[in-house]
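Structural description and commentary
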Amino acid sequence: MQKTDERKIAIVGVGLVGATTAFTLAVSGLASELVLVDVNSAKAEGEAMDLAHAAAFIKPINIYAGTYEDCKDAAIIIYTAGAGQKPGETRIDLLQKNYGILKESLPKLLGAEGSILLIVSNPVDILTYAALKISGLAPERVFGSGTVLDSSRFRHSLSRHCRIAPRNIHAYVVGEHGDSEVLLWSLAYTAGTDIDQYCKLAGIPAVNHQEVDKQVRNAGYEIISRKGATYYAISLAVKRICESIIRDENTILSVSGLIDGIYGIRDCCLSLPSVISSQGRGRPLELPLAPGEEEALVKSSQVLKSAMREIGL
Ligand code: 6V0
């Protein structure tokens, strides 16, 4: 079996998310080789040419348009192919179409020992589960961007309220990347204390949980109703995940992956904080949740499982 090239990244699906991710990765200096693949090969070629012309301003990188075959020895294959949400559509509404695309394309692009497959297309949790089954790869090597973006949105809202740098806030969204996601208020911390306690200490008004919950849960819809798609923040979330893999950082990120037993949830992919390293996704952490949060997480897994049954998974 072929070996992977440890600084080669492939992006499959070079639409708004794929192209923006390619730009973010090119600027980051993380990869030495970036291959862009799209059924619309002219689009992939155009994006690769445009990015390659930044050569004089960025670290050395070979950016080119390629085929599924060219993905096989990539350390990370970022999968962003398929339709995005239209105004009013949920992520689960995209399932039939994007599952069809995944089933058809995935077997053609895997092959090397050690590739990590990072699913971004929606509905990301169900497609991650499907990718796991189709690829036959180990669960550590197939995971989705999950709620890494939603957790950043949560930290953004809290940082604005508390006037604290988002980097100083630890807060996670777990479960589905979608309508049933769960904001973990009981584990939202800054400066070693929980957010509600922090507000008291700092003499600022208490955070309105319902308001923040609504902002975070509906953020995607709000953006799509204004500009038709979301792609900047997700591209940075994907870059953050790639960074943790390529630099073997052991960063804790709420990616989506197989859950087999924790909180009583089985045989389903959803997001929980997990350690990300060059080996992929470590075992998700079974953190002590408040009773209502654990119940909401189990409900979220049920939403995903019932959608999975619709496509026979
Ligand atoms: P887009 O701009 O329509 O791009 C999709 C691209 O996929 C197009 O260029 C297509 O030509 C290409 N494509 C279709 N079929 C194939 C195939 N078989 N092989 C290769 N390429 C193919 O969509 P956009 O980039 O906005 O979104 C891509 C996906 O990411 C959608 O499913 C979104 O819902 C999803 N997002 C996921 C997010 C997350 O947090 N996980 C965030 C934003 C979008």
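Residues numbered from 1 in each chain as written. Predicted model: local features only at pLDDT ≥ 70, side-chain atom pairs only at ≥ 80, totals over all residues. Heavy atoms only, no water.

In the nomenclature of an unreviewed UniProt entry, the protein chain is known as L-lactate dehydrogenase of Pelotomaculum propionicicum. Regarding the protein chain, the relevant UniProt record gives this comment under Pathway (unreviewed entry): "Fermentation; pyruvate fermentation to lactate; (S)-lactate from pyruvate: step 1/1." Annotation of the protein chain in UniProt includes, under Subcellular location (unreviewed entry), the sentence "Cytoplasm". (UniProt positions renumbered as here; feature names shortened; annotations may be inferred.)

**Quick look at the site of the ligand**
The full set close to the ligand counts 27 residues, and V17, D38, Y68, A83 and V120 are the nearest of them. The side chain of N122 places a nitrogen or oxygen atom 3.0 Å from an oxygen atom of the ligand. One nitrogen or oxygen atom from the side chain of S145 is found 3.2 Å from a nitrogen atom belonging to the ligand. Across the complex, the protein chains shield 85% of the 860 Å² of accessible surface that the ligand would expose by itself. Only α1 (16–28) and α3 (95–109) provide two or more residues apiece to the shell around the ligand. Counting residues per element, the shell around the ligand draws most heavily on α3, which supplies four residues. In terms of residue class, the shell around the ligand is made up of 13 nonpolar, 12 polar and two charged. Formed jointly, the shell around the ligand draws a minimum of three residues from each of two domains, domain 1 (5–144) and domain 2 (147–311). (Near = heavy atom within 4 Å. Polar contact = N/O pair within 3.5 Å; in protein donor to acceptor, adjacent residues only side chain to side chain. Areas by Shrake-Rupley, 256 points an atom, 1.4 Å probe, with all protein chains shown as cover. Helix = DSSP H or I, 4+ residues; strand = E, 2+ residues; numbered from the N terminus. Nonpolar A, V, L, I, M, F, W, Y, C, P; charged D, E, K, R; others polar. Domains from an automatic or database assignment.)

**A few points about the nonpolar core**
Considering soluble globular proteins, one finds that nonpolar side chains tend to be buried as a cluster. One finds I77, L102, L117, I119, L270, L272 and L297 to be the most contacted residues of the largest nonpolar core, which totals 45 residues. The greatest single-element share of this core, amounting to seven residues, is contributed by helix α4 (residues 124–135). Summarising the domain contributions, this core has at least three residues from each of domain 1 (5–144) and domain 2 (147–311). Setting aside chain neighbours within four positions, we find I77 in contact with A10, V12, C71, L109, L110, S115, I116, L117 and L118. Counting residues in hydrophobic clusters, the runner-up holds 33 residues, among them I63, I78, F143 and I241. (Core = buried A, V, L, I, M, F, W, Y, C linked by side-chain atoms within 4.5 Å. Buried < 20%, exposed > 50% of the residue type's maximum accessible area, 1.4 Å probe, protein only. Contact = heavy atoms within 4.5 Å.)

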